[in-house]
Amino acid sequence: MNGAGDLGAAAGDGLGAALEAAAGAEPLLVATDFDGVIAPFARDPMSVRPTHGVMQTLRDLAAQPRVRVALVSGRDLATLRRLSGLTPVDAVVLVGSHGAQSSDPSVESAMGSASVSAEDLVRLDELESQVRALVGARHPRARVERKAAGVVVHTRGLPDAIAGPALDEAAALGGDEPGVRVLAGKSVVELSVSAADKGTALLALSAAVHPRARVYLGDDVTDEDVFVRFEEPTDVTVKVGAGRTAARFRVPDTDAVAALLTQLLAERSLRG
């Protein structure tokens, strides 16, 4: 489905029925991206905070019998934990750096081939120096973030005439580098030294959980790696916001996501 609308409209297109069916599945896997999905974007990427109440909804879902919940992000694991407010005692699985890191041993083990080596870190240090030099000299209004497996240029809030060249020139730095992947997103480009992706990581988690249904919510290009892999009839894939997508359903914004997760929790709780 590629049309947009609030949860009520999307439910009319079958999302409500799909969620109701998924809520009865045992086991059930529920996974969501962070930025732009359960946390509205902010100009400063480190000031992002989850929508009010949504983290407690995820905790409550994770406390339901035979439900596994995962929070998935391009953020590194430490940053994801800090911004989400989740602690090691919470039952929510964290998947960071587009799948290269996880709090779940089964995902970490399965993604071992995508782990970052000492050689990768040397390459990443060089990339970071090049990106910071580029931004400092030519695009001082852009922001640079170093992550565990990548270096990122952020341009949220900048005019297109400034943001476009900054992102294009940063991407060009990694375009011809062996072992470097260029991941373009909304007002961001990341140069990553890891081969991990969110889809492969969640397939690894699925192999450990053996879910009868899976729910995934995402808003960006990197979430399409999940949407194209979650193709069972019982899977519920939801694109947040505008843009082409392989997801089956769509909701408009983070408030609709919070409503969707609340609905899913209510449906699951009824099954006790």
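Worth saying up front: this structure is predicted, and the values here are computed from it rather than measured. (Residues numbered from 1 in each chain as written. Predicted model: local features only at pLDDT ≥ 70, side-chain atom pairs only at ≥ 80, totals over all residues. Heavy atoms only, no water.)

### Remarks on the pattern of salt bridges
For step 1, the next point in the chain: Across all of its chains, the model carries 17 salt bridges by this definition.
For step 2, the next point in the chain: The salt bridge partner of glutamate 169 is arginine 138, with a shortest N-O separation of 2.7 Å. Taken together, the residues span a long stretch of sequence, with glutamate 169 in helix α7 (residues 160-175) and arginine 138 in helix α6 (residues 118-138) at a distance of 31 residues.
For step 3, the next point in the chain: Residues joined by salt bridges that share partners form a network here, namely Asp125, Glu128, Arg132 and Arg146. (Salt bridge = Lys/Arg side-chain N within 4 Å of Asp/Glu carboxyl O. Helix = DSSP H or I, 4+ residues; strand = E, 2+ residues; numbered from the N terminus.)

### Section: empty space enclosed by the protein
For step 1, the next point in the chain: Taken as a whole and judged by the stated rule, the model has one cavity of 30 Å³ or more.
For step 2, the next point in the chain: Considered as a void within the structure, the largest cavity measures approximately 440 Å³ in volume.
For step 3, the next point in the chain: For the largest cavity, the lining is made up of 28 residues, of which Asp35, Phe41, His154, Val188 and Asp220 are closest to its centre.
For step 4, the next point in the chain: Listed by contribution, the elements that provide at least two residues to the lining of the largest cavity are β5 (143-146), β6 (150-154), β7 (181-185) and β8 (188-192).
For step 5, the next point in the chain: At three residues, the largest contribution of residues to the lining of the largest cavity is made by β7.
For step 6, the next point in the chain: Residue classes in the lining of the largest cavity are distributed as eight nonpolar, seven polar and 13 charged. (1 Å grid on protein atoms, 1.4 Å probe; cavity = no way out; pocket = protein on both sides within 12 Å on 5 of 7 lines; lining within 4 Å. Points joined across faces, edges and corners; volume = space filled by probe spheres on them. Nonpolar A, V, L, I, M, F, W, Y, C, P; charged D, E, K, R; others polar.)

### A closer look at unusual backbone geometry
Glycine aside, residues mostly have negative phi, and peptide bonds are mostly found in the trans state.
For step 1, the next point in the chain: In this structure, the amide linkage connecting glutamate 26 to the following residue, proline 27, adopts the cis form with an omega of -5 degrees.
For step 2, the next point in the chain: Examined against the element boundaries, proline 27 turns out to sit in the loop between α2 (15-23) and β1 (28-33).
For step 3, the next point in the chain: Positive phi, normally seen in glycine, also occurs at histidine 98, with a value near 55 degrees.
For step 4, the next point in the chain: Inspection of the secondary structure assignment puts histidine 98 in the loop between β3 (93-96) and β4 (101-102).
For step 5, the next point in the chain: Look at histidine 98 and you get buried, because its relative accessible area is 9%.
For step 6, the next point in the chain: At serine 187, a position not held by glycine, the phi torsion is positive, near 60 degrees.
For step 7, the next point in the chain: With respect to the element layout, serine 187 can be found in the loop between β7 and β8.
For step 8, the next point in the chain: For serine 187, a relative accessible area of 27% translates into the label partly exposed. (Buried < 20%, exposed > 50% of the residue type's maximum accessible area, 1.4 Å probe, protein only.)

### Notes on the sheet that holds strand β10 (residues 236-240)
For step 1, the next point in the chain: With mixed pairing, seven strands are arranged side by side in an open sheet as β4-β3-β2-β1-β9-β10-β11. Strand pairing shows two members of the sheet lacking a second neighbour, β4 and β11 (249-251), which therefore form its edges.
For step 2, the next point in the chain: Pairing of β10 with β11, which is carried by three bridges, proceeds in the parallel orientation. Paired with lysine 239 across the bridge in β11 is arginine 250.
For step 3, the next point in the chain: Of the strands in this sheet, β2 (67-72), β3 and β4 are in contact with helix α4 (residues 77-84), which crosses β3 at around 130 degrees.
For step 4, the next point in the chain: Running at roughly 165 degrees to strand β9 (residues 213-218), helix α10 (residues 254-270) makes contact with β1, β2, β9, β10 and β11 of the sheet. (Pairing = 2+ DSSP bridges. Contact = heavy atoms within 4.5 Å. Axes fitted to C-alpha atoms, helices over the stretch in contact; angles between N-to-C directions.)

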